[in-house]
Each structure stands twice: as C-alpha cells, then as structure tokens.
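Commentary on secondary and tertiary structure
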Amino acid sequence: MTVRPRTAWRFACGGVVLAGLGCATQSPLPPGAFVRGPVEVPQIPAPAPPPHLPEPPAADPKPGAALRPGSAQDAPLALREVLSSVEAAFPLLYAVEQERQITAGQRLSAEGQFDPVVRSRGVDQTGSFANGVLDTVVEQATPFGGASAFAGWRLGIGNFPVYYGERKTGEGGEYRTGVVVPLLQNRDIDVRRARLLAAQITEKAADPIVRRARLDYFRAAAQAYWVWQAAGAQYLVTQDLVRLARERQALLDERRKQGLVGESVPVLNQRLIAGREEARLGAERQLQQAAVRLSLYLRDSAGNPVVPSSEWLLPTFGDATPPRPDIGQLEADVAAALVQRPELVRFQLEKERRAVELKLATNQLAPVLNAYAQVAQDVGAGKKTLTGTGSFAFDRTTSEVGATFEMPLPFRNARGLSLTARAQLAQLLAQERYARDEITSQVQDAVSELVQTYLRIEKAREELRLAVRVLELDTESFRARQTSLVDLNLQEIAAAEARAKVVNVLGAYQAAVANYRAVIGIEAAAGGAVLPRTEPEPVPPVKPMPPPVEPKP
C-alpha cells in the first residue's frame with residue numbers, strides 16, 4: 001500500500017499529539033505527594049455601620065444590651081476574650097496567615113519544573129524533494145542526580161536528499177527513548193532543584209512570620225485593653241470629684257438660705273463644680289477614644305468591631321495588686337527568648353536558603369559534561385539504506401551513546417555568583433548576631449520596665465494613702481471652720497490626682513506585662529521566669545474620699 005506523505009503526516013499528527021498529552025499527565029513524584037486542596041477566595045463582607053460611642057459608667061450600672069461575643073452581657077470584659085477575638089476575627093492576622101497559602105503556591109509552582117514536557121514539530125516540504133516530517137517527544141526531568149529521560153515518535157516519509165537520509169523512517173514511524181545524565185555540573189544540584197529547595201524553605205518560613213504577627217497583635221490588643229481599663233478608672237475618679245462638689249453645693253445652698261454663710265462660698269463651690277465637670281468631660285473623651293481603639297481588636301462572630309460598653313470595665317481595677325517581678329531570673333528569660341522568638345527561626349531558615357544559593361553558585365564553577373544514551377526502533381515497512389544489502393537492507397533498530405562537553409574558560413559568571421552568595425551569607429550571619437543582641441536588650445528593657453513600674457505602684461499607693469489621710473484631717477478642720485473651702489478643694493484634688501496616678505501606673509504596668517510576654521515570645525497568658533504569674537490579685541480597696549461635711553456655724 002502506498003501512503004502519500006502529506007496524508008500520512010496529517011493523520012499521524014493528531015494521534016501522536018493526543019498520545020503525548022496523555023503521557024504528560026504522569027508525574028514522577030509519589031501519588032499524593034504535596035497535594036493541596038484549592039484555596040477558596042475569601043469573600044469580603046460589606047462594611048458594617050459605625051458603632052455608637054459608649055455611654056460613661058453610671059453610679060449604678062445596669063446590664064448593657066450591646067452585642068458581645070463570649071460571656072454574659074453584664075460581666076466584666078476579660079483580657080482572654082479580647083485575645084480570643086483577635087485570634088478568631090482580626091483581619092490583619094488573617095492577612096498574615098495567608099502567607100502559608102502564598103508560600104505553598106510558590107512551592108507547588110517550583111514542583112512544576114519536574115512536570116513532563118511535550119514538544120512537537122511538523123514540517124511539510126514541497127518541490128523536488130516532497131516529504132513530510134512529524135516529530136513528537138516527551139521529556140521528563142527528575143530530581144535524581146539531575147538526570148532526565150525522554151521518549152518520542154518520529155515519522156519521516158517522502159523523498160529526501162542524500163544528505164538528509166536520516167530523516168526518513170519506516171511507514172509506521174520511529175520510536176525512540178533515551179536518558180541524559182550530568183557527570184560534573186548539575187549533578188549534585190541544578191537550577192530546578194535549587195528553586196524547589198528554596199521554595200520548601202520559604203514555605204517553612206511562613207510559620208515564624210505568622211508567629212511574629214500574632215505576638216505583635218496580641219501585645220497591641222492587650223495594651224489597648226489596659227488603656228481602656230485605666231481610662232474607665234480615671235473617669236470614675238473625676239466622677240467622684242463632681243459628686244462631692246455637687247453634694248457640698250446642696251449643703252451650702254441650704255446654709256446660704258439660712259444666712260449662715262455668705263454668697264461667696266456657694267459661688268466658689270459652683271466654680272469648682274464647673275472645673276470638675278470639664279475634667280470629667282475630658283476623661284469621658286479619653287474613655288471613648290480608648291473604647292473605639294479597643295474595638296479594632298474586639299469583634300463579634302461576623303468580624304465586625306464591637307465598641308465595649310463602660311459596664312464591662314473591671315470594678316476593682318484600681319485596687320488590684322500586680323505580681324512582683326523577680327529580676328534575679330533575668331538570665332533565664334533571656335535564654336528562653338533566644339529559643340522562642342520567631343525571628344531567630346527565620347534567620348536559621350534564611351541561612352539554609354542562602355546555603356542552597358551558594359551550593360548552586362559553586363556548581364556553576366564545574367564544566368558541563370553530560371552523558372547520553374538513546375535507542376530507536378522503526379515500525380512498518382522498513383526504509384532502505386543507501387548501501388545496505390542482504391540482511392542489512394533495512395535499517396530497523398539503532399542505538400547511540402555519547403557525551404557533550406561545555407566550559408566557559410574564565411568562569412567569570414560562576415565566580416561572580418559564588419562571590420555574591422558568600423558575601424550574602426556573611427551578611428546574614430552578621431544580621432543574626434545583631435538580632436540576638438537586640439533580643440537580649442529587649443528582654444533586659446522589658447524586665448527593667450516591669451521592676452521600675454512595680455516600684456512606682458508601691459510609691460503611688462503610699463502617696464494615695466497619705467493624700468487620703470490629709471484630706472480626712474482637712475475635712476475635720478473644715479467642719480470646725482479652721483480651714484477654708486479653697487484649702488479643702490486643694491486636698492480633694494490632691495487625693496483625686498493621687499488616685500488617678502495609681503490607676504495610670506497600674507495601666508502602665510499591665511501594658512509592660514503585655515510587652516514582656518511578646519518580648520520573650522509567649523502568646524498565652526502564662527508568664528516567664530521573671531514573672532511566672534501575670535494576673536493581678538484583688539486587695540481591699542483604699543478608703544474612699546470622705547463625704548462632704550457641713551461647716552459648723
């Protein structure tokens with residue numbers, strides 16, 4: 001049967017290409033290796049309406065009706081609720097956690113370098129030598145010593161000139177297969193394997209990135225929580241001052257009607273009320289600002305910010321006793337931070353990645369020497385050779401073994417890459433050393449902040465105790481008409497300022513505790529060696545300001 005070149009080539013082209021595509025779906029990796037499910041595209045919810053500002057705490061708080069995730073509506077808001085909300089619904093933490101998916105995609109892309117590749121070429125020539133050639137090959141790179149394999153099918157029919165006689169095949173085409181093995185360059189590592197190793201290391205580095213973000217966001221949330229608590233306690237101090245002045249005004253107005261005091265005393269007290277009202281409004285603004293700031297971290301089940309109600313404030317915040325830090329355990333916390341901080345894990349992984357780059361650059365210094373072997377088999381009616389006779393009249397099976405060699409004489413590109421990789425690795429080692437020193441200094445500073453702030457709490461409470469005692473004495477003197485209302489007002493303000501100072505220092509201490517946890521690399525509520533227990537203990541409250549008294553006539 002005579003097969004026309006063009007017709008045979010057209011029929012063979014479609015069949016071979018489809019067969020090659022079928023082979024391309026086979027991967028050299030084990031079944032199920034590095035399988036990842038498709039990542040769903042997150043749906044961004046519509047922006048929620050801005051929440052209302054909280055009302056200031058009342059003298060007799062009532063259960064609030066605001067939406068609150070977690071515990072009961074009328075219970076004080078606990079720090080663990082805020083941290084749980086950050087972990088569950090904080091948008092920036094969700095964004096950082098996508099780094100795992102990003103690096104997984106990069107690693108999957110690097111694995112794609114080892115996917116089978118199908119190449120096809122077809123030529124239809126007319127003229128004195130009418131012929132058709134179709135060549136299809138499937139190439140498979142492997143991670144084993146840089147070796148690659150190939151298999152293909154070639155069809156060459158028609159009239160070929162003498163010098164292109166190797167292009168002619170049997171009428172059924174020629175099947176061939178072979179392998180290429182690098183002997184020097186690309187044997188231990190090549191560009192494909194280097195990129196895959198780097199992608200795998202980068203995927204591991206996503207975990208310390210997420211951990212670092214969690215530490216930072218937990219610290220920011222805890223500090224916002226304690227700022228809000230301190231602002232609420234300060235507001236209550238200003239509210240007590242206004243209450244005292246108003247109760248005294250009622251007494252003075254009554255005495256004024258009875259003609260027992262002059263007009264100047266009630267007017268002076270009214271001026272005091274106005275000034276204290278202004279201070280209360282300023283404290284209320286600070287409370288609202290702190291509540292709005294905290295709402296960025298406190299979110300409901302839908303992920304919308306929840307502005308905390310003032311009824312969720314801790315009623316005994318100003319009376320709690322924080323745990324005493326033990327500065328003698330500083331070295332233990334430094335050692336723990338050097339183990340737990342995610343930055344040093346990132347440096348270790350980055351050193352591994354740089355080592356891969358250095359190995360690849362060193363690989364380029366070797367010449368290219370590749371060995372190859374191939375075998376081919378014609379099928380169908382054989383092709384005649386130019387000189388073969390007898391049993392050698394048909395060229396049915398061929399095999400070929402050889403080698404290729406390539407070497408750039410100065411190796412300037414390879415030497416430049418090696419020099420760059422070595423310098424980058426040395427640079428990274430210097431940066432890691434500084435990072436370790438910086439972590440040590442951060443732990444030292446955090447512990448110093450804890451110790452000094454704790455001492456400030458003791459002194460502030462001593463000042464408050466003395467200020468309350470002076471106020472009691474001045475109250476007795478005012479009752480005996482031995483001191484003026486101006487002097488009594490000064491002592492009331494001094495006692496209020498002392499109480500506000502205690503609240504401020506307590507808030508600063510709790511913020512220092514949050515920073516201490518982040519510095520030593522602790523996400524949970526547990527402490528370290530210097531501060532094993534971080535939760536404050538309630539103590540009997542300090543004596544409140546004495547009620548207003550009526551001066552003796």
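These lines cover the structure that appears in this document, whether it is placed above or below. (Residues numbered from 1 in each chain as written. Predicted model: local features only at pLDDT ≥ 70, side-chain atom pairs only at ≥ 80, totals over all residues. Heavy atoms only, no water.)

Another point: the overall build of the protein. Looking only at helices and strands, the protein features nine helices and eight strands. Sequence-distant contacts in the protein: of pairs separated by 6 or more residues, those separated by 24 or more amount to 78%. (Helix = DSSP H or I, 4+ residues; strand = E, 2+ residues; numbered from the N terminus. Contact = heavy atoms within 4.5 Å.)

Closest axis-to-axis distance for the helix 6 (residues 330-340)/helix 9 (residues 485-520) pair is 8 Å, and the angle between their directions is 60°. The pairing of helix 6 with helix 9 is recorded here as oblique in orientation. The residues of helix 9 that touch helix 6, namely those facing Asp333, Ala336, Ala337 and Gln340, are Tyr516, Val519 and Ile520. Tallied by class, the residues present in the contact of helix 6 with helix 9 amount to five nonpolar, one polar and one charged. (Axes fitted to C-alpha atoms, helices over the stretch in contact; angles between N-to-C directions. Parallel < 35°, antiparallel > 145°, perpendicular 65-115°, else oblique. Nonpolar A, V, L, I, M, F, W, Y, C, P; charged D, E, K, R; others polar.)

If a probe the size of a water molecule is rolled over the atoms, the empty space left behind becomes visible. Taken as a whole and judged by the stated rule, the model has three cavities of 30 Å³ or more. Along the walls of the largest cavity sit eleven residues, with Phe218, Arg219, Ala514, Arg517 and Ile522 positioned nearest its centre. Within the residue set of the lining of the largest cavity, elements represented by two or more residues are helix 4 (191-257) and helix 9. Element by element, the count of residues in the lining of the largest cavity is highest for helix 4, at four residues. The class makeup of the residues in the lining of the largest cavity is eight nonpolar, no polar and three charged. (1 Å grid on protein atoms, 1.4 Å probe; cavity = no way out; pocket = protein on both sides within 12 Å on 5 of 7 lines; lining within 4 Å. Points joined across faces, edges and corners; volume = space filled by probe spheres on them.)

Our next topic: the pattern of salt bridges. Going through the model one piece at a time under the given rule, you end up with 28 salt bridges. The partner of Asp135 in a salt bridge is Arg176, and the shortest N-O contact between them spans 3.0 Å. In this pair, Asp135 sits in strand 2 (residues 131-141) while Arg176 sits in strand 4 (residues 174-182), placing the two residues 41 residues apart along the sequence. Residue classification places Asp135 among the buried residues on the basis of a relative accessible area of 16%. With relative accessibility at 14%, the residue Arg176 sits in the buried group. Among the charged side chains, a salt-bridge network with shared partners connects Arg212, Asp216, Arg219, Arg341 and Glu343. (Salt bridge = Lys/Arg side-chain N within 4 Å of Asp/Glu carboxyl O. Buried < 20%, exposed > 50% of the residue type's maximum accessible area, 1.4 Å probe, protein only.)

Ranked by size, the top nonpolar core spans 74 residues in total, and within it Leu77, Val86, Tyr225, Trp228, Val443 and Tyr516 carry the most contacts. Those elements that provide at least two residues to this core are helix 2 (79-89), helix 3 (91-111), helix 4, helix 5 (264-295), helix 6, helix 7 (342-363), helix 8 (412-479) and helix 9. Of all the elements, helix 8 adds the most residues to this core, at 16 residues. Non-local contacts of Val443, meaning those with residues more than four positions away in its chain, are made with Leu330, Asp333, Val334, Ala337, Val519 and Ile520. Ala194, Ile201, Leu349 and Leu360 belong to the second-largest nonpolar core, a separate cluster that totals seven residues. (Core = buried A, V, L, I, M, F, W, Y, C linked by side-chain atoms within 4.5 Å.)

This paragraph deals with helix 9. Spanning 36 residues, helix 9 covers 52 Å between terminal C-alpha atoms, matching the ideal 52 Å at 1.5 Å per step. Gly521 occupies a position one or two residues after helix 9 and carries a positive phi of about 85°. (Expected span 1.5 Å × (residues − 1).)

Here we take up the packing of aromatic side chains. One pair of aromatic rings is described through two measures. These are the centre distance and the angle between the planes. If you walk through the whole model with that rule in mind, you get eight aromatic pairs. For the pair Tyr225 and Trp226, a centre-to-centre distance of 4.9 Å together with 75° between the ring planes defines the contact as edge-to-face. Like Tyr225, the residue Trp226 is buried in the burial classification. Within the aromatic cluster, the residues linked to one another by ring pairs are Tyr225, Trp226, Trp228 and Phe317. (Phe/Tyr/Trp six-rings, centres within 6.5 Å; stacked < 30°, edge-to-face > 60°.)

The subject of this paragraph is the sheet that holds strand 4. Reading across from one edge, 1-2-3-4-6-7 is the order of the six strands in this open sheet, with antiparallel pairing throughout. Looking at strand neighbours, the two that pair on one side only are strand 1 (117-125) and strand 7 (397-406), the edges of this open sheet. Between one strand and the next, the sheet's axes are offset by a mean angle of 15°, whatever the strand orientation. One ladder, built from ten bridges, connects strand 6 (residues 368-378) with strand 7; its direction is antiparallel. Bridge pairing in strand 7 links Gln374 to Glu400. (Pairing = 2+ DSSP bridges.)

Our next topic: the side chain of Thr238. Relative to the assigned elements, Thr238 resides in helix 4. Accessibility expressed as a relative area gives 13% for Thr238, which makes it buried. The residues contacting Thr238, other than those within four sequence positions of it, are Ala279, Arg280 and Ala283.

Along the chain, Thr103 falls in helix 3. Along the chain, Thr103 and Glu203 lie 100 residues apart, while their C-alpha atoms are 4.8 Å from each other. A polar contact of 3.0 Å, which involves the side chain of Thr103, links it to the backbone oxygen of Arg100. (Polar contact = N/O pair within 3.5 Å; in protein donor to acceptor, adjacent residues only side chain to side chain.)

This part covers the packing of helix 3 against helix 4. Running from N to C, helix 3 and helix 4 point in directions that differ by 175°, and their axes come no closer than 8 Å. Viewed along their axes, helix 3 and helix 4 adopt a mutual orientation that is roughly antiparallel. Taken together, the residues of the contact of helix 3 with helix 4 sort by class into twelve nonpolar, five polar and nine charged.

Time to look at the environment of Glu174. Tracing the chain through its elements places Glu174 in strand 4. Relative accessible area serves as the criterion here: at 7%, Glu174 is assigned to the buried category. The spacing of Glu174 and Thr397 is 223 residues in sequence and 9.2 Å in space, taken between C-alpha atoms. The residues contacting Glu174, other than those within four sequence positions of it, are Gly152, Trp153, Arg154, Thr169, Ala376, Gln377 and Asp378.

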